[in-house]
There are 2 protein chains.
Amino acid sequence: MNDCTLSVINTGLRGVDVASSKICDVRGKEGKLIYRGFLIEDLARNASFEEVSFLLLYERLPKKQELENFSQSLKQKRNIPENIFSFLKTLPFDMNPMDVLQMATPLLMQNDHKVSEPGIENTLCSAENLISGMASITAAWDRIRNKKEPVPPDNNLNHAANFLYMLNGKIPDDETARFFDTSLVLHAEHSFNASTFTARQVASTRAHIYAAVSSAIGSLSGALHGGANVRVMEMLKEIGSVDRIDAYIDNLLSSGGLIMGLGHAVYQTDDPRAIIIAPMSKRMGQIANQTLWYELTRELEKKGKAAFKAKKQRDIFCNVDFFSASLFYAMGIATDLFSPLFAISRVSGWSAHVIEEQFAMAAPKPSLYRPGAEYVGDYCGPDECVFTDMDDR
Amino acid sequence: MNDCTLSVINTGLRGVDVASSKICDVRGKEGKLIYRGFLIEDLARNASFEEVSFLLLYERLPKKQELENFSQSLKQKRNIPENIFSFLKTLPFDMNPMDVLQMATPLLMQNDHKVSEPGIENTLCSAENLISGMASITAAWDRIRNKKEPVPPDNNLNHAANFLYMLNGKIPDDETARFFDTSLVLHAEHSFNASTFTARQVASTRAHIYAAVSSAIGSLSGALHGGANVRVMEMLKEIGSVDRIDAYIDNLLSSGGLIMGLGHAVYQTDDPRAIIIAPMSKRMGQIANQTLWYELTRELEKKGKAAFKAKKQRDIFCNVDFFSASLFYAMGIATDLFSPLFAISRVSGWSAHVIEEQFAMAAPKPSLYRPGAEYVGDYCGPDECVFTDMDDR
């Protein structure tokens, strides 16, 4: 193999562009995040999660009637098959919600009689089924594990408000619903992160979208990926009060640890999503009469950035998880639901990528991702090992 | 980015070595397949699936007592949690067995109280749980969808014979059991194919082995990957008799189609596994008094290779799916179980890769696979698109 090959071994493919895509651009240097040409700031300010999902799936902003039809179709898909509830009720109540979501998501295909004929129309329809269904599953599991009955959807509510209603059994106030909607918008897409790459890779074998999205959930369940906002919250709880921040940072940095929520593989500025979430987290803390977590986060940001710079002589920046942890916590959402919240939003992006992988790029694209590996194992001599009888081992 | 980056866009990472690995070497030019230093021919001739699984997981051949302990441990894990059966019974009976396996596999973690403390010892234990449990799930689902009760395991039987027993409710004859055992050995590992890459990628986020293996099943469910042996069988049925082969090939090649089971991304010879399976398929056809499918395969091989060479001026070779289809079919196994059979064997390889990804290469390895993508979407002008009000669209 040539030099190029050698250079990507064990690098996690960092900095290696593996595909061309029309879905999302992350401009790390400038701190810009762009969905289908639109800046995340514009989308967060102006568009609902439904509108952004339409944009991601259909490659353009919807007209008014189109958005209404799309929202209506999502509403129809909120009712999940009955056997999902009975299945969830058989699970141990301490099972991790991400594991539950990975298992239960493919069950949504029962609603979908055309899963074995995965043309682009059917796959778009399946994507809607996943967007609505994964939210319903997540809410239902949180109810069931807390020994409450699942709440049926309220079709007067939009996607974000309805999710909170199905989770808590009461209609959220407008501000909370709007913040939650915006956080869904912010998490909906981020180019080739690990879970999206998993979704595309599974889709590249021509597996259907349920298999691809379920696998992406598995990928997102890892502590280094979707688990990061959970670990931010655990860190905030561990610190507990502002006056303990200095000691926490000293201790962490001197033992070679990292401050959760600071640093990102791509951004060389504060994550634009963090900048949007921060004031929402502040306001949500006020609404919930629970300002500690936002204040802790802000102080930790200041002191953590300074300490990092002093130690490493370079800057470090907030990522999206840094402020979303305190936002979701102030909303009263259980910490171990943070990753599922990420999933029920990112499913729109994953779906767009599955569709691009399977339909948009058919011509020049090879059939599936199949990299190689350099064998560094033994050969027990000049060539293969000699198989020895069991008694001689 | 540099030239290297450009060269891998939309290539499916073909020929790009992304990691170093001690597990498996596929020497395409020579037609050699090597697990942990040992030639597949030696393993197929001398070792059971249990022995090969031990080799893959523990990096060496087991001593006699070690193999006995390992086999014993696998036997203890054949009994899957009761709620898996009740779950399977709620599913529509026409659901694809790969979808069922992807959903049900994470349920095996209920047996595994240390899944949240994934050290290497615990992960090895989980791997055993997966190896036994996925076989039990596959057999149980085939029983349930055929309105039969699942068959409890028989711990006098080895893994291969017990699977056939749990599937059919009767103990297989020695020759059939041995052929099935060998086919499990042959499918157990194949370096960085698509599903293994999925498993490693999910594992690289530090997701647990159940998430990684479930995702790998999703990847394997695609028609271009694990689905290939199913399509070989469908092709054989479509052809139906030896005298129709010429017309089938003419028709296929003139319309730009491919003969299923011929051609492989890596081998430039006949797949060494196909060479081992072919005589098993022949003999199994005799045992089952059903020699047509082997004969069809053999004739199709001869004529297909000749026609391909005449048309393309280069050779094409058999891959593992080419003869495994007729072998499994002669064993009386339902066609749509061929991919699950692949999965219940490959789980040993996937597990070895998860362990290598998470434990063996910790030091020089980056945290997770996170490639980039080249954005080729619109910008609606010199820079970002302008967000327009809905009424102006």
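The shown structure was predicted, so the numbers you read here are calculated from the model rather than taken from an experiment.

## Focus on the overall build of chain A
Scanning chain A from N- to C-terminus turns up 17 helices and five strands. Since a compact globule built from 393 residues should have a radius of gyration of about 21 Å, the 22 Å found for chain A is in line with a globular shape. Reported as C-alpha extents along the three principal axes, the dimensions of chain A are approximately 70 × 60 × 50 Å. By the burial criterion, 64% of the 393 residues in chain A qualify as buried. Within chain A, contacts between residues at least 6 apart in sequence are counted, and of these 75% link residues at least 24 apart. Carbon and sulfur atoms form 49% of the exposed surface of chain A, whose accessible area is close to 14600 Å². One finds the centroid of the 41 positive side-chain charges in chain A at a distance of 6 Å from the centroid of its 48 negative side-chain charges.

## Focus: the relation of the copies chain B and chain A
Overlaying chain B on chain A yields an RMSD of 0.0 Å, the required transformation being a rotation through 180° with an accompanying axial translation of 0.0 Å. The superposition of one copy onto the other is thereby described by a two-fold rotation axis.

## With respect to the sheet that holds strand β4 (residues 38-39) of chain B
All names here are of chain B. Across the sheet, which stays open at both edges, the three strands sit in the order β2-β3-β4 with antiparallel pairing between neighbours. What marks the edges here is a single partner per strand, and that holds for β2 (24-27) and β4. Pairing of strand β3 (residues 32-35) with β4, which is carried by two bridges, proceeds in the antiparallel orientation. Bridge pairing links Y35 to F38 in β4.

## A short note on the interface of chain B and chain A
Facing 104 residues of chain B, the contacting portion of chain A comprises 104 residues. Among the residues chain B hides against chain A, the three largest losses belong to N10, R370 and F387 of chain B. Together they make up 9% of the total. Linking chain B with chain A are six salt bridges. Notably, a salt bridge pairs K32 of chain B with E384 of chain A, separated by 2.9 Å at the nearest N-O pair. Our count for the chain B to chain A interface comes out at 53 residue pairs in polar contact (both at pLDDT 80 or more). Within the side of chain B that touches chain A, the residues separate by chemical class into 50 nonpolar, 33 polar and 21 charged. Sheet topology note: the strand β1 (residues 17-21) of chain A/strand β5 (residues 372-375) of chain B ladder contains four bridges and is parallel.

## Here's the deal with the domain arrangement of chain A
Residues and elements named next belong to chain A. Considered domain by domain, chain A is made up of domain 1 (24-223 + 337-358) and domain 2 (228-330). Of note, the centres of domain 1 and domain 2, computed from C-alpha atoms alone, are 26 Å apart. Each partner contributes residues to the interface: domain 1 has 25 residues there, and domain 2 has 24 residues. Roughly 2100 Å² is buried in total at the junction of domain 1 and domain 2, and carbon and sulfur atoms are behind 70% of that figure. In terms of surface lost to domain 2, no three residues of domain 1 exceed F179, L186 and F338, which account for 31% of the buried area on that side. At the surface where domain 1 touches domain 2, the tally comes to one salt bridge. We note a salt bridge from E175 to R283, for which the minimum N-O separation is 2.8 Å. Residue assignment for the side of domain 1 that touches domain 2 shows that the elements contributing at least two residues are β2 (24-27), β3 (32-35), α2 (40-46), α9 (174-187) and α17 (338-360).

## Quick word on the state of the cysteines
Under the criterion given, the structure shown has zero disulfides over all chains. C24 of chain B takes part in no disulfide bond, and the closest cysteine sulfur, belonging to C385 of chain A, lies 13 Å away.

## Observations regarding the sheet that holds β3 of chain A
Pairing in this open sheet of three strands is antiparallel, and the strands run β2-β3-β4 (chain A) from one edge to the other. Here the strands that pair on one side only, and so sit at the sheet edges, are β2 and β4 (38-39) of chain A.

## What about unusual backbone geometry?
One non-glycine residue, S191 of chain A, adopts positive backbone phi at about 55°. Among the structural elements, S191 of chain A can be located in the loop between α9 and α10 (194-204). The backbone phi angle of Q313 of chain B is positive, close to 60°, even though this residue is not glycine. Among the residues examined, Q313 of chain B registers a relative accessible area of 62% and is labelled exposed.

## A short note on the packing of helix α7 (residues 120-145) of chain A against α17 of chain A
Residues and elements named next belong to chain A. Where α7 contacts α17, the two axes come as close as 9 Å, and the packing angle between them is 170°. The angle between the axes of α7 and α17 places the two elements in the roughly antiparallel class. Residues I120, T123, L124, A127, L130, I131, M134, A135 and T138 of α7 touch α17, and the partners they reach there are P340, A343, I344, V347, S348, W350, S351, I355 and F359. Split by residue class, the contact of α7 with α17 holds 14 nonpolar, four polar and no charged.

## A word on helix α16 (residues 320-330) of chain A
Residues and elements named next belong to chain A. Counting buried positions along α16 gives 10 out of 11 residues, so the element sits mostly inside the fold. Among the residues of α16, those classed as buried are V320, D321, F322, F323, S324, A325, S326, L327, F328 and A330. Taking the backbone nitrogen of D321 as reference, a side-chain oxygen 3.0 Å away marks N319 as the first, capping residue of α16. Remark: G332 follows α16 within two positions and exhibits a positive phi of approximately 80°.

## A few points about the packing of aromatic side chains
Residues and elements named next belong to chain B. Throughout the structure, instances matching the rule amount to 28 aromatic pairs over all chains. Seen from their ring centres, F163 and F180 are 5.5 Å apart, and the 10° between their planes marks the pair as stacked. Residue F163 is found in helix α8 (residues 159-168), and its partner F180 is found in helix α9 (residues 174-187); the two are separated by 17 residues along the sequence. With a relative accessible area of 1%, F163 lands in the buried category. By relative accessible area, which is 0% here, F180 ends up buried. Relative to F323, the ring of Y294 lies with its centre 6.2 Å away and its plane at 40°, an arrangement referred to as tilted. Note that Y294 is positioned in helix α15 (residues 292-312) and F323 in helix α16 (residues 320-330), a separation of 29 residues in sequence.

## A closer look at the environment of I355 of chain A
Residues and elements named next belong to chain A. As for its position among the elements, I355 is in helix α17. In the structure, I355 is positioned 50 residues away from K305 in sequence and 40 Å away in space, judged by C-alpha atoms. Apart from residues no more than four positions distant in its own chain, I355 is found in contact with L57, I120, T123, L124 and A360.

## What about the pattern of salt bridges?
For the structure shown, the criterion picks out 47 salt bridges over all chains. One salt bridge in this structure joins R27 of chain A and E384 of chain B, with 3.6 Å as the shortest N-O distance. One end of the pair, R27 of chain A, is in strand β2; the other, E384 of chain B, is in the segment after β5, on a second chain. When its relative accessible area of 16% is taken as the criterion, R27 of chain A is described as buried. Residue classification places E384 of chain B among the buried positions, given a relative accessible area of 15%. We note a salt bridge from E30 of chain B to R27 of chain B, for which the minimum N-O separation is 3.3 Å.

## Observations regarding the side chain of S20 of chain B
Mapped onto the elements of the fold, S20 of chain B is located in strand β1 (residues 17-21). Given a relative accessible area of 8%, S20 of chain B falls into the buried group. A distance of 2.7 Å separates the side chain of S20 of chain B from the side chain of N10 of chain A, its partner in a polar contact.

## Observations concerning the nonpolar core
Of all hydrophobic cores here, the largest spans 240 residues; its most connected members are M134 of chain A together with M134 of chain B. Among residues more than four places away in sequence, those in contact with M134 of chain B are L101, T105, L108, V213, I217, A343, I344, V347 and W350 of chain B.

About the thresholds
- Residues numbered from 1 in each chain as written.
- Chains lettered and ligands numbered in written order.
- Predicted model: local features only at pLDDT ≥ 70, side-chain atom pairs only at ≥ 80, totals over all residues.
- Heavy atoms only, no water.
- Helix = DSSP H or I, 4+ residues; strand = E, 2+ residues; numbered from the N terminus.
- Rg over C-alpha atoms; globule rule 2.2 N^0.38 Å.
- Buried < 20%, exposed > 50% of the residue type's maximum accessible area, 1.4 Å probe, protein only.
- Contact = heavy atoms within 4.5 Å.
- Areas by Shrake-Rupley, 256 points an atom, 1.4 Å probe, with all protein chains shown as cover.
- Lys, Arg positive; Asp, Glu negative; His and termini not counted.
- Charge placed at Lys NZ, Arg CZ, Asp CG, Glu CD.
- Least-squares fit on C-alpha atoms with pLDDT ≥ 70 in both.
- Pairing = 2+ DSSP bridges.
- Buried area = accessible area lost by both parts, 1.4 Å probe.
- Salt bridge = Lys/Arg side-chain N within 4 Å of Asp/Glu carboxyl O.
- Polar contact = N/O pair within 3.5 Å; in protein donor to acceptor, adjacent residues only side chain to side chain.
- Nonpolar A, V, L, I, M, F, W, Y, C, P; charged D, E, K, R; others polar.
- Domains from an automatic or database assignment.
- Disulfide = S-S within 2.5 Å.
- Axes fitted to C-alpha atoms, helices over the stretch in contact; angles between N-to-C directions.
- Parallel < 35°, antiparallel > 145°, perpendicular 65-115°, else oblique.
- Phe/Tyr/Trp six-rings, centres within 6.5 Å; stacked < 30°, edge-to-face > 60°.
- Core = buried A, V, L, I, M, F, W, Y, C linked by side-chain atoms within 4.5 Å.

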